[in-house]
Amino acid sequence: MFGVVIALGSVEATTENRETKSVENALLVGLSRQIALARELDVIANNVANISTNGFKARSARFAEYLSPTASGETFQKPDRRISFVQDRGTPIDLSGGMIERTGNPLDTAIKGEGFYVVRTAGGERYTRAGSFDINSRGELVTQTGQPVMGENGPIVFGPNESNAQISQDGTVTTAQGERGKLRLVRFADPTTLRNEGTNMFSSPTPATPIGPLAKLETGAVERSNVKPIIEMSRLVELQRTYASIAGMISKTDELRRTAIQRLADVQS
């Protein structure tokens, strides 16, 4: 009789251990999903904040199933399935064109098709699609944030008495006194590797190549952001609901874990 009691207690304890392990795995899976949702929320928030930013390119979050090689109950009498977590696979960039808006400003340009303007910064060359330019106090053609815009032969500079500055469809910059350079337009073999550098600038791990005669600009216009506000806001609401649902599941699972631990303690005592 004593031996039977021990056997039953051992079986029950094993069941409790299995239950505790399953609850712990459920908590980890829920946590991995919450981390992924928080990451996606950051991406959407950044997109929404740049709805009015000229030339801004939206990003999206990508995730994949990750099968843990160790989070399974192989030591139990009935092996558990491998546990699936959520794995962050990056935030790919959407390079589709934004709406082109006429401004009438002769120094505003919008790139038609692929390509980027080259900008000189303290950290080296950077790339942007924002084509709203100005002339600073030193006579340099600059972006709205003050970085010099690069021409094919270096920065484009105007003399103090020059007037009627404008940019043609092939990127040639002229004034009433003649030609002052040509905008340097480039492209990348794999533009999805571009990294955001702030102030609507990108950097690239691979060298840029000139577009050459294929470059086409629309003058007196700017390219607006390609963010789709309705889609982004709808996704934001969906994320908030999903996050709240997972938070509720984690709370209930944690309660089950506490109950399992208490029952296991009672059996062992």
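Above: the structure in question.
Residues numbered from 1 in each chain as written. Predicted model: local features only at pLDDT ≥ 70, side-chain atom pairs only at ≥ 80, totals over all residues. Heavy atoms only, no water.

Counting secondary structure elements, the protein contains 2 helices and 19 strands. Across the 269 residues that make up the protein, the buried fraction comes to 37%. Element-wise, carbon and sulfur atoms account for 54% of the exposed surface of the protein, whose accessible area totals about 15,300 Å². (Helix = DSSP H or I, 4+ residues; strand = E, 2+ residues; numbered from the N terminus. Buried < 20%, exposed > 50% of the residue type's maximum accessible area, 1.4 Å probe, protein only. Areas by Shrake-Rupley, 256 points an atom, 1.4 Å probe, with all protein chains shown as cover.)

Our focus in this paragraph is the packing of aromatic side chains. Taken as a whole, this structure holds 4 aromatic pairs when the rule is applied. Between the aromatic rings of Tyr117 and Phe133, the centroid separation amounts to 5.1 Å while the plane-to-plane angle is 85 degrees, which identifies the pairing as edge-to-face. Of this pair, Tyr117 sits in strand β5 (residues 116-121) while Phe133 sits in the loop between β6 (124-128) and β7 (134-135); the two residues are 16 residues apart in sequence, bridging distant segments of the chain. Since its relative accessible area comes to 1%, Tyr117 is described here as buried. The structure contains a cluster of three or more aromatic residues connected by ring pairs, namely Phe116, Tyr127, Phe188 and Phe202. (Phe/Tyr/Trp six-rings, centres within 6.5 Å; stacked < 30°, edge-to-face > 60°.)

This part takes up the pattern of salt bridges. For the structure on display, the rule yields 12 salt bridges. Arg120 is paired through a salt bridge with Glu140; the nearest N and O atoms lie 3.8 Å apart. In this pair, Arg120 is assigned in strand β5 and Glu140 in the loop between β7 and β8 (141-142), connecting sequence segments 20 residues apart. Arg120 sits in the partly exposed class, given a relative accessible area of 37%. Linked by salt bridges that have partners in common, Glu40, Arg235 and Glu238 make up one network. (Salt bridge = Lys/Arg side-chain N within 4 Å of Asp/Glu carboxyl O.)

Right, let's talk about the side chain of Thr91 for a bit. For Thr91, the location among the structural elements is in the loop between β2 (84-88) and β3 (100-102). Residue classification places Thr91 among the buried positions, given a relative accessible area of 19%.

Now for the sheet that holds strand β12 (residues 172-175). Spatial ordering of the open sheet is given by β11-β12-β13, a layout of 3 strands whose pairing is antiparallel. The open sheet has two edge strands, β11 (166-167) and β13 (178-182), and neither has a second partner. Taken together, the 2 bridges between β11 and β12 define a ladder with antiparallel strand orientation. Paired with Gln166 across the strands is Thr174, a residue of β12. (Pairing = 2+ DSSP bridges.)

Turning our attention to the pairing of β13. Pairing analysis gives 4 bridges linking β12 to β13, with the strands arranged antiparallel. Pairing of Thr175 across the sheet is with Gly178, part of β13. Counting the residues that bridge the hairpin from β12 to β13 gives 2 residues.

Take a nonpolar patch on the surface next. Judged by side-chain polarity, Leu28, Leu31 and Ile35 come together as a nonpolar surface patch covering roughly 280 Å² of accessible area. Looking at the secondary structure, you find Leu28 in helix α1 (residues 2-49). The partly exposed category is assigned to Leu28, whose relative accessible area is 46%. (Patch = residues over 30% accessible without salt bridge, like charges linked within 9 Å, V, L, I, M, F, W, Y side chains within 5 Å.)

Residues other than glycine seldom take positive phi values, yet Asn164 does so here, at roughly 60 degrees. Within the fold, Asn164 resides in the loop between β10 (154-155) and β11. Asn164 sits in the exposed class, given a relative accessible area of 52%. Non-glycine residue Asn200 carries a positive phi angle of around 65 degrees. Along the polypeptide, Asn200 turns up in the loop between β15 (195-198) and β16 (201-203). Judged by relative accessible area, Asn200 falls into the buried class, the value being 15%.

Two elements, β5 and β6, share 5 bridges in a ladder whose sense is antiparallel. Note on β6: the bridge partner recorded for Val118 is Tyr127. Taking the residues between adjacent antiparallel strands as the criterion, β5 and β6 are bridged by 2 residues.

With that out of the way, let us pick up the environment of Tyr127. With respect to the element layout, Tyr127 can be found in strand β6. A residue is classified by how much of its surface remains accessible, and Tyr127, at 9% relative accessible area, is buried. In the structure, Tyr127 is positioned 70 residues away from Glu197 in sequence and 9.4 Å away in space, judged by C-alpha atoms. Contact partners of Tyr127, with chain neighbours within four places excluded, come to Phe116, Tyr117, Val118, Val186, Phe188, Asn200, Met201, Phe202, Ser203, Ser204 and Ala208. (Contact = heavy atoms within 4.5 Å.)

Core analysis: the biggest nonpolar cluster contains 16 residues, and Tyr117, Phe133, Leu141, Ile167, Leu183, Leu185 and Leu217 have the highest contact counts within it. Among the nonpolar cores identified, the runner-up in size contains 9 residues, and Tyr127, Met150, Phe188 and Leu194 belong to it. (Core = buried A, V, L, I, M, F, W, Y, C linked by side-chain atoms within 4.5 Å.)

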